[in-house]
Amino acid sequence: MSDRLYIFDTTLRDGEQVPGCQLNTVEKIEVAKALQELGVDVIEAGFPISSPGDFESVVEISKAVTWPTITALTRAVQKDIDVAAESLKYAKKGRIHTGIGTSDFHIYHKLNSNPDAIIERGVEAVKYAKKYVEDVEFYAEDAGRTDNEYLARVIEAVIKAGATVVNIPDTTGYTLPHEFGAKIKYLVDNVPNIHKAIISTHCHNDLGMATANTISGILNGARQAEVTINGIGERAGNTSLEEVVMTLKTHYKTLGIETGVNTKKIYGTSRLVSTLMNMPVQPNKAVVGRNAFAHSSGIHQDGVLKNRENYEIMDPVEVGINESAILLTARSGRAALKHRLELLGFELDKEKLDEVYEEFLKLADKKKDIRDDDIALLVGDATRKEHR
Ligand code: KIV
Ligand code: ZN
């Protein structure tokens with residue numbers, strides 16, 4: 001099995017479905033170009049049948065982007081596929097992403113259908129899409145809650161119909177990591193033609209397990225991961241690109257799986273998406289949150305100043321953040337204060353440092369945000385006292 005994981009970014013489709021996150025075409029092109037620079041393999045540009053604006057965006061992104069594959073979403077409906085194919089006509093590499101619900105919930109309570117009829121509709125959709133493009137991805141919506149034996153039948157049938165990628169979404173974010181991994185392994189072991197398609201993961205974060213489920217799927221044979229920048233998406237969001245990419249990079253020695261992402265562009269892309277979509281990133285968000293590389297307790301600060309790796313498993317520079325932050329708070333120790341003083345150009349002997357530190361603690365108990373000006377004032381006060 002290949003050790004290259006394809007990154008399929010759906011920020012502009014699943015991510016953009018979030019209320020308040022809508023972008024106009026110009027903004028979408030800006031994000032698509034940033035995703036290209038970041039090095040993603042596939043950009044899901046929209047769901048063209050859903051609105052004229054979505055259609056136009058897929059057309060314009062197809063023109064603007066040169067090398068990633070551009071994909072358009074459809075239901076297993078001929079009209080959707082016709083419109084998607086039309087929207088992709090300028091794509092250098094175009095893919096139609098079609099599919100249907102396969103869980104009992106979807107079959108009986110959404111589609112009012114039965115399992116055999118669903119397989120037939122999936123197969124027909126893939127064959128129909130193949131008339132337009134060679135690259136057709138099939139999604140089995142709610143695969144997370146679909147019986148494995150039935151799912152294997154669906155997947156075998158759509159691969160025989162020509163699907164090049166088979167997407168196994170945990171649409172409702174229901175599965176546990178070992179369960180999702182076992183589902184992928186079941187397909188690897190029980191779908192005779194599975195070697196003819198790439199298995200894709202598409203996990204949602206309702207229980208906060210989207211990244212863990214995605215990684216578990218990859219460890220069991222998936223070689224495409226569907227992700228969004230900052231993990232934005234329906235409800236609690238999708239799997240976040242930065243978490244999957246940095247997990248694989250951080251564990252490369254043991255897992256041996258790599259992506260084509262230029263990780264140094266991660267932070268910039270995260271800021272761009274957050275700003276354009278007006279969607280703040282939570283401060284403790286893994287990899288890109290404001291606090292992801294900030295240290296505030298005295299013990300940690302001392303450890304990081306002695307050797308960054310004592311408390312950091314990633315180099316911030318690798319994700320495009322210049323340096324770790326040593327925050328000055330009431331929990332900070334002398335080491336952190338000394339470090340900041342040195343950055344400000346103050347070299348204090350031990351006695352003076354102790355004196356400034358005592359005053360610093362009094363101030364930090366009253367004030368959350370200690371600025372460089374405050375530090376300079378404390379040094380000034382101590383110096384004046386000395387000369388009195
Ligand atoms: O979550 C999901 O199942 C989806 C599909 C349409 C791929 O977004
Ligand atoms: Zn989704």
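Residues numbered from 1 in each chain as written. Chains lettered and ligands numbered in written order. Predicted model: local features only at pLDDT ≥ 70, side-chain atom pairs only at ≥ 80, totals over all residues. Heavy atoms only, no water.

1. As for the packing of aromatic side chains
Let me state the cut-off plainly: Geometry of aromatic contacts follows a simple scheme: Phe, Tyr and Trp rings, the Trp one being its six-membered ring, pair when their centres are within 6.5 Å, and the pair is stacked under 30 degrees between planes, edge-to-face over 60, tilted otherwise. Buried, partly exposed and exposed residues are distinguished by accessible area as a fraction of the type maximum, computed with a 1.4 Å probe on protein chains only: under 20%, between the cut-offs, and over 50%, respectively. Both a distance and an angle decide whether a charge sits over a ring: NZ of Lys or CZ of Arg must be within 6 Å of the ring centre and within 35 degrees of the ring normal.
One pass over the structure, following the stated rule, counts 2 aromatic pairs. On the basis of an interplanar angle of 85° and a centroid distance of 6.1 Å, the ring pair of Tyr128 and Tyr132 is categorised as edge-to-face. With relative accessibility at 42%, the residue Tyr132 sits in the partly exposed group. Above the ring of Tyr90, the side-chain terminus of Lys63 is found at 4.8 Å from the ring centroid.

2. Quick look at the environment of Val245
The condition that has to hold: Helical segments are the DSSP runs of H or I of at least four residues, strand segments are the runs of E of at least two, and each set is numbered from the N terminus. Residue contacts are counted whenever heavy atoms from the two residues lie within 4.5 Å of one another.
Structurally, the position occupied by Val245 is in helix α9 (residues 241-250). Measuring from C-alpha to C-alpha, the distance between Val245 and Ile266 comes to 9.5 Å, with 21 residues separating the pair along the chain. Contacts of Val245, omitting those with residues within four sequence positions, involve Ile7, Thr259, Val261, Thr263 and Ile266.

3. Description of the nonpolar core
Note on soluble globular proteins: their nonpolar side chains tend to be buried together. Rule in force here: Among the buried residues, those of types Ala, Val, Leu, Ile, Met, Phe, Trp, Tyr and Cys that are joined through side-chain atoms within 4.5 Å form a nonpolar core.
Core analysis: the largest hydrophobic core is formed by 87 residues, its most contacted members being Phe138, Ile155, Val166, Ile168 and Ile266. Among the elements that make up this core, the one with the highest residue count is helix α6 (residues 148-160) (8 residues). Sequence-distant contacts of Ile155, that is, excluding residues within four places in its chain, are made with Phe138, Val166, Ile168, Leu187, Val191 and Ile194.

4. Here we look at the sheet that holds strand β3 (residues 69-73)
Strand pairing in a sheet relies on backbone hydrogen bonds. The paired strands run either parallel or antiparallel. How we decide: Pairs of strands are assigned from DSSP output, requiring at least two bridges between the strands. Interaxial angle, 0 to 180 degrees, is taken between N-to-C directions of lines fitted to C-alpha atoms, where a helix line uses only the stretch in contact.
Judged by pairing direction, the barrel is parallel, and its 8 strands sit side by side in the order β1-β2-β3-β4-β5-β6-β7-β8 before closing back on the first. Direction aside, the axes of adjacent strands within the sheet are offset by 25° on average. In the sheet, strand β2 (residues 42-46) pairs with β3 via 4 bridges, with the strands oriented parallel. Residue pairing for β3: Gly46 is matched across the bridge by Ala72. Contacts between helix α5 (residues 115-130) and the sheet are confined to β4 (94-101) and β5 (135-141), with β4 contributing the most and set at about 170° to the helix.

5. Comments concerning the coordination of the zinc ion (ligand 2)
Cut-off, in case you're wondering: Donor atoms: N, O and S within 2.8 Å of the metal, or within 3.2 Å for Na, K and Ca. Because water is excluded, sites can look incomplete.
Here the zinc ion (ligand 2) is held by Asp14 (OD), His202 (NE2) and His204 (NE2), and the distances to it run 2.0 to 2.2 Å. Mapping the donors of the zinc ion (ligand 2) onto the primary sequence gives the spacing D-x187-H-x1-H. A residue pair is termed long-range when its members are at least 10 positions apart, and Asp14 in the loop between β1 (6-9) and α1 (25-38) and His202 in strand β7 (residues 198-203) qualify at 188 residues. This pair shows no difference in class: Asp14 is buried, exactly as His202 is.

6. Brief notes about helix α2 (residues 52-64)
Applied cut-off: Helix span, as expected, comes to 1.5 Å for every residue beyond the first.
With 13 residues, α2 should cover 18 Å at 1.5 Å per step; its first-to-last C-alpha distance of 18 Å lies within 8% of that length. Looking at α2, one finds that the buried residues are Asp54, Ser57, Val58, Val59, Ile61 and Ser62. Next to the buried residues of α2 lie α1, β2, β3 and α3 (78-87).

7. Regarding the site of ligand 1
Short version of the rule: One heavy atom suffices: a residue is near a molecule or strand as soon as one of its heavy atoms comes within 4 Å of it. In protein, a polar contact means a hydrogen-donor-capable atom and an acceptor-capable atom, both N or O and within 3.5 Å, with residues adjacent in sequence counting only if both atoms are side-chain atoms; elsewhere, any N or O pair within 3.5 Å suffices. Every accessible area reported is derived by Shrake-Rupley at a probe size of 1.4 Å, with residue values counting cover from the shown protein chains alone.
As a matter of local geometry, ligand 1 sits amid Arg13, Asp14, His97, Tyr139, Glu141, Asn167, Pro169, Thr171, His202 and His204. In the environment of ligand 1, an oxygen atom lies 3.0 Å from a nitrogen or oxygen atom belonging to the side chain of Arg13. His202 is positioned with one of its side-chain polar atoms (N or O) 3.1 Å from an oxygen atom of ligand 1. With the chains in place, 93% of the 260 Å² that ligand 1 exposes on its own is no longer accessible.

8. So, the confidence of the model for the protein
It should be kept in mind that the predicted coordinates are not to be read in detail where pLDDT is low. Stated precisely, the cut-off is as follows: Scored from 0 to 100, pLDDT records how confident the predictor is in each individual residue.
For the protein, the mean per-residue pLDDT works out to 96, and 99% of the residues sit at or above 70. Among the prediction metrics, the complex's ipTM stands at 0.99, with pTM recorded as 0.96.

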